[in-house]
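Summary of structural features
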Amino acid sequence: MESRRNPRAVVDPKVRQVGFFTSSQPDSSSTQQQQQQTDPIPASASSPPVSTISPSGNSLSPVMIPPPRLNSSDTFPLRGAAAGASSAVSPSSFSYSNRRDFPDGSTTASPGRHSRGSFVKSSAPVASSLPGIGMDSMAAAKSSSVPASGLTTVSVVTMPPGLAEKASGMEVQSDQKKNPKSLKEKTTKAERRAIQEAQRAAKAAAKADGGKVPPGTSASVASTSVKVAKPAKPSTQKNEVSVAAGVTEKKGGPSEKDRKKDAPHPRMQYDDESRVVKAKRRAVVKQTEAKNRVELFRHLPQYEHGTQLPDLETKFFQLDPMHPAVYKVGLQYLSGDISGGNARCIAMLQAFQEVVKDYSTPPEKNLNRDMTAKISSYVSFLIECRPLSISMGNAIRFVKNRIAKLPITLSESEAKAALQSDIERFINDKIIGADMVIVKHAVTKIRDGDVLLTYGSPTAVEMILLHAHELKKKFRVLVVDSRPKLEGQLLLRRLIKRGISCTYTHINAISYIMHEVTKVFLGASSVLSNGTVYSRVGTACVAMVASAFRVPVLVCCEAYKFHERVQLDSICSNELGDPNAISKVHGREDINYLDGLTNNANLQFLNLMYDATPSDYISMIITDYGMVPPTSVPVIVREYQKEHLLV
Amino acid sequence: MWRSSASFILDKHLNNKPISITHSIDSPPPPSASMADENPNPNPISAYYETRAAHHGIVTSEWLEQAQAAVQRYPDRENSVSPVSGSPFSVIEEFNSWRQQPDLAEAVAAIRALAAVIRASEATTMMELEIELKKASDTLKAWDTTSISLTAGCDLFMRYVTRTSALEFEDFNSAKSRVLGRAEKFGEISCKARRVIAILSQDFIFDGCTILVHGFSRVVFEILKTSAQNKKLFRVLCTEGRPDKTGVLLAKELAKLDIPVKLLIDSAVAYSMDEVDMVFVGADGVVESGGIINMMGTYQIALVAHSMNKPVYVAAESYKFARLYPLDQKDLEPALRPNDFNVPVPPKVEVERSARDYTPPQYLTLLFTDLGVLTPSVVSDELIQLYL
């Protein structure tokens with residue numbers, strides 16, 4: 001027990017530094033909320049000591065935990081949730097006071113803090129510090145419908161403080177154990193079985209009676225059986241006490257869980273309002289949401305672009321916990337200075353390298369865990385700037401995996417060096433090296449006289465074309481482009497500079513131009529397990545037209561972008577771009593038909609960033625593991641991830 | 001890959017059929033022994049198809065019986081073939097001597113030749129041996145670039161033999177013997193492959209079915225022969241197999257086994273497809289997409305069968321799995337072959353002389369291999385697992 005307890009005390013402080021929300025406003029508001037929620041209930045409980053508790057409940061935590069804790073408000077959402085849940089139950093005051101019994105009992109003693117300390121020491125090592133309470137409150141919230149324990153705690157509260165101190169010591173203790181217990185008890189097999197048996201017995205009785213008066217009797221039987229079941233509780237409890245303690249132990253590390261909650265889920269559903277509100281409270285980047293959103297895509301974040309950049313730039317020096325390198329990359333994502341899967345991924349990894357370089361383990365902390373937490377917080381910042389691509393997700397997974405796998409015996413400098421070289425290796429092997437291999441493979445498919453079509457500006461395809469040109473292959477390139485990004489023009493510029501014969505057209509003309517094409521080379525943001533290619537919007541269109549014309553479609557994609565997810569359409573996971581980009585045409589002031597209509601409720605703009613191409617339209621995927629059919633993606637994902645874990 | 005070989009089936013069946021495979025040593029000299037000399041293979045005619053033609057000339061049931069008898073008479077001769085060192089060892093010669101056995105596939109011949117290289121090697125370190133082996137396999141591959149199974153067989157042999165980490169911790173002699181053991185085992189498996197496939201495919205041939213076959217594939221012949229021996233009642237439609245009339249040859253062999261056979265001209269495939277229950281073809285090579293490269297005409301048969309919802313089964317040994325990925329028909333190393341039209345070709349008329357075509361995987365139903373019965377997409381999985 002002791003040994004388990006100690007590490008947690010060490011873990012606790014880590015929580016406080018997690019989360020990069022420096023602005024105190026959301027926190028104070030949340031604490032206010034907290035108070036609002038806590039206040040009325042003690043009032044209803046109407047016991048004098050309790051009314052003093054609500055402030056003390058908040059001031060209590062500083063006893064064990066230094067002030068920053070309050071601001072980071074790790075346990076508060078939890079409590080708030082618990083309070084909400086318990087107040088929803090009709091006999092709320094009971095369950096509520098029950099939930100709070102631990103701090104109450106200790107603080108009612110006038111010299112509260114000292115006594116509390118002694119109480120913790122003397123009564124049991126199990127009695128936890130605040131995290132334990134958080135846990136307890138959670139359990140209580142769940143078990144709020146169990147009246148028995150609630151009653152006992154009321155008695156505790158009403159007891160005179162001095163007495164309560166010692167007398168309740170054990171009782172509270174037992175309560176604490178009982179609560180998680182009793183919530184389990186609710187669903188124990190014994191009880192359910194008892195009910196079942198009762199029903200069966202009732203049925204049998206009904207049969208025996210010839211179906212005379214079943215309802216009443218069965219009810220009574222059931223009730224008795226439940227009563228019978230209740231005495232059975234203690235016996236099971238005893239057995240499970242240790243287990244329950246173990247459970248609280250595990251749950252007691254609320255920090256980990258909370259931190260995970262901190263970062264918005266990469267695929268958060270943005271039509272879930274409560275979550276959006278929560279995420280916003282934590283967010284550094286204050287994005288203003290676009291008003292009119294297309295019905296099908298409400299689950300995706302859509303923001304008015306260009307408003308938040310200056311604001312963030314001014315914050316640059318205020319954001320203490322954010323590493324400047326990460327911050328810079330985030331801003332570059334936001335402004336669109338870095339785009340393209342590989343470029344974004346490399347920029348992020350290099351920022352992480354900087355982070356690792358400047359990192360020093362805070363005292364009393366574990367490098368593995370603290371670093372993971374840090375990376376997580378940076379990632380959530382990056383997500384706020386722009387949703388992660390799948391390739392970045394894979395890279396982050398790699399980095400975290402490496403951190404977790406660092407041998408504990410390494411010194412800090414060694415660990416940092418190992419980590420930096422790991423990231424370096426990832427960039428070199430999995431991204432840059434992979435591109436080289438892809439180029440080597442793909443060039444074998446280019447023959448003299450070919451007409452190659454490409455869409456957008458995929459970096460891998462550009463390298464392939466340039467290399468094939470260096471090999472003196474005679475081919476022509478058709479660059480297909482689309483609004484609003486017109487990335488193809490950049491590619492076109494670079495190809496022409498090398499003397500490659502090119503044709504430039506927009507995607508509208510794809511069906512006209514396709515008949516002269518011999519091969520289509522496409523890039524991909526990701527390739528999913530079912531062979532679906534997730535790529536720049538418009539790719540699916542190109543691939544479908546090509547396959548209708550029986551032109552082979554070759555997708556070039558590094559294996560680190562493969563993902564085991566399966567996706568059937570481009571709706572459930574996508575990214576929405578700036579609506580203004582499609583509503584306005586830059587440099588064409590005469591096209592102003594939509595001026596003044598952007599806020600019209602009847603008008604919704606949909607600027608999708610990605611689409612999903614079904615594997616039927618793809619002839620071949622060229623990766624760093626060679627040329628494979630789309631059906632073999634899962635094999636590569638499997639092998640690749642195995643490697644991930646082993647290396 | 002070979003760990004999962006389905007060759008255990010053979011052991012089960014061995015009791016029933018004592019005489020299974022015949023890789024004989026005492027082969028009668030083949031009629032076209034002269035072509036063995038042309039090492040760099042200057043003429044554009046595919047050596048692979050010449051060998052096939054030569055073999056077809058003599059693979060008859062009488063000959064097979066003789067060969068079997070010969071093997072039974074000298075069961076221990078096989079081990080004594082290892083060449084006597086002294087004269088400079090040549091892989092090509094070794095390969096040719098193996099290749100002359102009509103029942104031995106080209107890849108198996110290559111595998112045996114490479115095993116002989118190891119045996120004859122005077123290398124003193126593992127690295128030397130590996131380099132020597134690599135050189136030999138490169139020579140073999142260069143000897144006939146049009147043969148997919150030769151290339152694939154050499155590559156697979158190299159992977160199979162050299163990919164073992166245990167080699168680094170042993171002294172050279174034991175390592176060499178281990179490599180040799182693996183090489184022998186690989187040759188063994190390859191030899192058994194045809195038998196395994198024949199047994200695996202029996203579940204798919206039902207009484208009263210009509211089977212369309214194309215070309216003379218030794219594996220398909222083995223399958224049909226086994227079915228006939230299992231007293232299955234079925235009918236076979238043979239395409240003519242222009243230009244070398246391989247279909248006629250197969251029809252003759254099948255007729256000898258009392259299987260009802262009907263001969264079609266190649267262009268009558270669509271006409272008779274509605275009475276066909278399944279299509280059986282062999283393969284020169286199985287490519288990474290799961291498609292096959294086979295004798296000219298396979299693609300159109302597969303297309304017709306697919307459009308009429310008839311299953312197309314491919315029988316191919318796993319040593320034909322090649323790391324190739326053709327995107328279309330022209331995306332292949334051309335294998336040319338003389339075309340005999342029986343009439344003088346008018347001047348200024350071009351003649352298509354390609355000997356094979358590529359059938360994409362979506363037109364194939366199943367592949368019968370010695371690794372088991374596979375769907376086309378599994379081919380790539382096996383290849384990835386082997387080469388990565």
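Parameters at a glance
- Residues numbered from 1 in each chain as written.
- Chains lettered and ligands numbered in written order.
- Predicted model: local features only at pLDDT ≥ 70, side-chain atom pairs only at ≥ 80, totals over all residues.
- Heavy atoms only, no water.
- Helix = DSSP H or I, 4+ residues; strand = E, 2+ residues; numbered from the N terminus.
- Buried < 20%, exposed > 50% of the residue type's maximum accessible area, 1.4 Å probe, protein only.
- Contact = heavy atoms within 4.5 Å.
- Areas by Shrake-Rupley, 256 points an atom, 1.4 Å probe, with all protein chains shown as cover.
- Pairing = 2+ DSSP bridges.
- Axes fitted to C-alpha atoms, helices over the stretch in contact; angles between N-to-C directions.
- Salt bridge = Lys/Arg side-chain N within 4 Å of Asp/Glu carboxyl O.
- 1 Å grid on protein atoms, 1.4 Å probe; cavity = no way out; pocket = protein on both sides within 12 Å on 5 of 7 lines; lining within 4 Å.
- Points joined across faces, edges and corners; volume = space filled by probe spheres on them.
- Nonpolar A, V, L, I, M, F, W, Y, C, P; charged D, E, K, R; others polar.
- Buried area = accessible area lost by both parts, 1.4 Å probe.
- Polar contact = N/O pair within 3.5 Å; in protein donor to acceptor, adjacent residues only side chain to side chain.
- pLDDT = per-residue confidence, 0-100.
- Expected span 1.5 Å × (residues − 1).
- Parallel < 35°, antiparallel > 145°, perpendicular 65-115°, else oblique.
- Left-handed = near helix turned anticlockwise from the far one by under 90°.
- Phe/Tyr/Trp six-rings, centres within 6.5 Å; stacked < 30°, edge-to-face > 60°.

Moving on: the overall build of chain B. Along chain B, the regular secondary structure elements total 13 helices and 10 strands. Buried positions account for 55% of the 388 residues belonging to chain B. Here the analysis covers contacts within chain B between residues at least 6 apart in sequence; of these, 78% occur between residues at least 24 apart. For chain B, the accessible surface area stands at approximately 16,900 Å², while carbon and sulfur atoms represent 54% of it.

The next thing to look at is the sheet that holds strand β5 (residues 526-528) of chain A. Residue and element names in this part refer to chain A. In spatial order, the strands read β8-β5-β6-β9; together these 4 strands make up an open sheet with mixed pairing. Taken across any chain shown, the strands that pair with only one partner, and hence form the sheet edges, are β8 (562-563) and β9 (610-613). Summarising the sheet, β5 and β8 pair through 2 bridges and their orientation is parallel. Bridge pairing links Val527 to Phe562 in β8. Against the sheet, helix α26 (residues 539-548) engages β6 (533-536) and β9, with an angle of about 30° to β9.

Taken as a whole and assessed by the stated rule, the structure comprises 24 salt bridges over all chains. The residue Arg195(B) makes a salt bridge to Glu222(B) at a minimum N-O spacing of 2.7 Å. Taken as a pair, Arg195(B) in helix α8 (residues 172-200) and Glu222(B) in helix α9 (residues 218-229) lie far apart in primary sequence, 27 residues in all. We note that Arg195(B), like Glu222(B), is buried. Within this structure, Arg402(A), Asp422(A) and Arg425(A) form a network of salt bridges that share partners.

Take the layout of surface pockets next. When its volume is computed, the second largest pocket comes out at roughly 870 Å³. Taken together, 31 residues line the second largest pocket, and the ones lying closest to its centre are Ile618(A), Ser619(A), Leu327(B), Pro360(B) and Gln362(B). Among the residues making up the lining of the second largest pocket, the classes are represented as 16 nonpolar, 9 polar and 6 charged.

As a further point, take the sheet that holds strand β10 (residues 620-623) of chain A. Residues and elements named next belong to chain A. Sheet architecture is open: 7 strands sit in the order β3-β2-β1-β4-β7-β10-β11, paired in mixed fashion. Only two strands of the sheet have a single neighbouring strand rather than two, namely β3 (502-506) and β11 (626-628). Adjacent strand axes in the sheet meet at a mean angle of 25° when their direction is disregarded. Both β10 and β11 contribute to a ladder of 3 bridges, which runs antiparallel. What sits directly across from Ile622, in β11, is Met627. In the packing of helix α22 (residues 412-443) onto the sheet, contacts are made with β4 (519-523), β7 (553-556), β10 and β11, and the angle to β10 comes to roughly 135°.

Right, let's talk about the pairing of β7(A) for a bit. All names here are of chain A. Of the two faces of β7, the one lined by Val553 and Val555 and the one lined by Leu554 and Cys556 are each fully buried. As defined by bridge partners, β4 adjoins β7 across 4 bridges and the pair is classed as parallel. Residue pairing in the sheet places Leu522 in a bridge with Val555 of β7. Examined bridge by bridge, β7 and β10 share 3 bridges and lie parallel to one another. The partner of Leu554 across the bridge, within β10, is Met620.

Our next topic: the interface of chain A and chain B. On the chain B side, the residues contacting the 19 residues of chain A number 16 residues. Summed over both partners, the interface of chain A with chain B comes to about 1,400 Å²; 55% of that surface belongs to carbon and sulfur atoms. Sorting the residues of chain A by area buried against chain B places Arg447(A), Tyr625(A) and Val635(A) first, and these three jointly supply 28% of that buried surface. Run the count over chain A and chain B and you get 1 salt bridge. The partner of Asp331(B) in a salt bridge is Lys445(A), with the nearest N and O atoms 3.0 Å apart. Inspection of the chain A/chain B interface yields 7 residue pairs in polar contact (both at pLDDT 80 or more). The element best represented in the side of chain A that touches chain B is helix α28 (residues 633-646) of chain A, accounting for 4 residues. Across the side of chain A that touches chain B, the residue classes break down as 9 nonpolar, 4 polar and 6 charged.

This next bit is on the confidence of the model for chain B. Residues and elements named next belong to chain B. In the predicted model, chain B carries a mean pLDDT of 78, and the fraction of residues at 70 or more is 74%. Ignoring residues within four places in sequence, the model shows residues 17-42, a span with pLDDT below 50, making 50 contacts including any to other chains. Scored below 50 in pLDDT, residues 73-86 shows 11 contacts in the model against residues more than four places distant or in partner chains. Here the predicted complex carries an ipTM of 0.75, next to a pTM of 0.66.

Moving on, we come to helix α20 (residues 367-385) of chain A. Between its first and last C-alpha, α20(A) extends 27 Å over 19 residues, near the 27 Å set by a 1.5 Å rise per residue. Residue Asn366(A) occupies the N-cap position of α20(A), its side-chain oxygen lying 3.0 Å from the main-chain nitrogen of Asn368(A).

It is worth spelling out the packing of helix α5 (residues 106-120) of chain B against helix α6 (residues 126-143) of chain B at this point. Residue and element names in this part refer to chain B. Two numbers describe how α5 lies on α6: the axes approach to 10 Å, and their chain directions differ by 150°. Considering the angle they form, α5 stands roughly antiparallel to α6. Note that α5 runs across α6; the crossing there is right-handed. Mapping the contact onto sequence places Glu106, Ala110, Leu114, Val117 and Ile118 in α5 and Leu129, Glu132, Leu133, Ala136, Ser137, Leu140 and Trp143 in α6.

Moving on to the confidence of the model for chain A. Residues and elements named next belong to chain A. On average, residues of chain A score 68 in pLDDT, and 53% of them are at 70 or above. No element of chain A has a lower mean pLDDT than helix α5 (residues 68-72), at 39, and none a higher one than β7, at 95. Segment residues 211-261: pLDDT under 50, and 47 contacts once partners within four positions in sequence are set aside and those in other chains are kept.

A few words on the packing of aromatic side chains. Within this structure, the stated rule accounts for 11 aromatic pairs over all chains. For the ring pair Tyr327(A) and Phe381(A), a centre distance of 5.3 Å and an interplane angle of 15° mean the geometry is stacked. Residue Tyr327(A) is located in helix α18 (residues 324-335), and its partner Phe381(A) is located in helix α20; the two are separated by 54 residues in the primary sequence. Accessibility expressed as a relative area gives 1% for Tyr327(A), which makes it buried. A ring pair is formed by Tyr534(A) and Tyr610(A), whose centres lie 5.0 Å apart and whose planes are at 20°; its orientation type is stacked. Linking Tyr534(A) in strand β6 with Tyr610(A) in strand β9, this pair joins segments that are 76 residues apart in sequence. The residues Tyr534(A) and Tyr610(A) share a single accessibility class, namely buried. Three or more aromatic residues joined by ring pairs form one cluster here, namely Phe204(B), Phe280(B), Tyr313(B) and Phe368(B).

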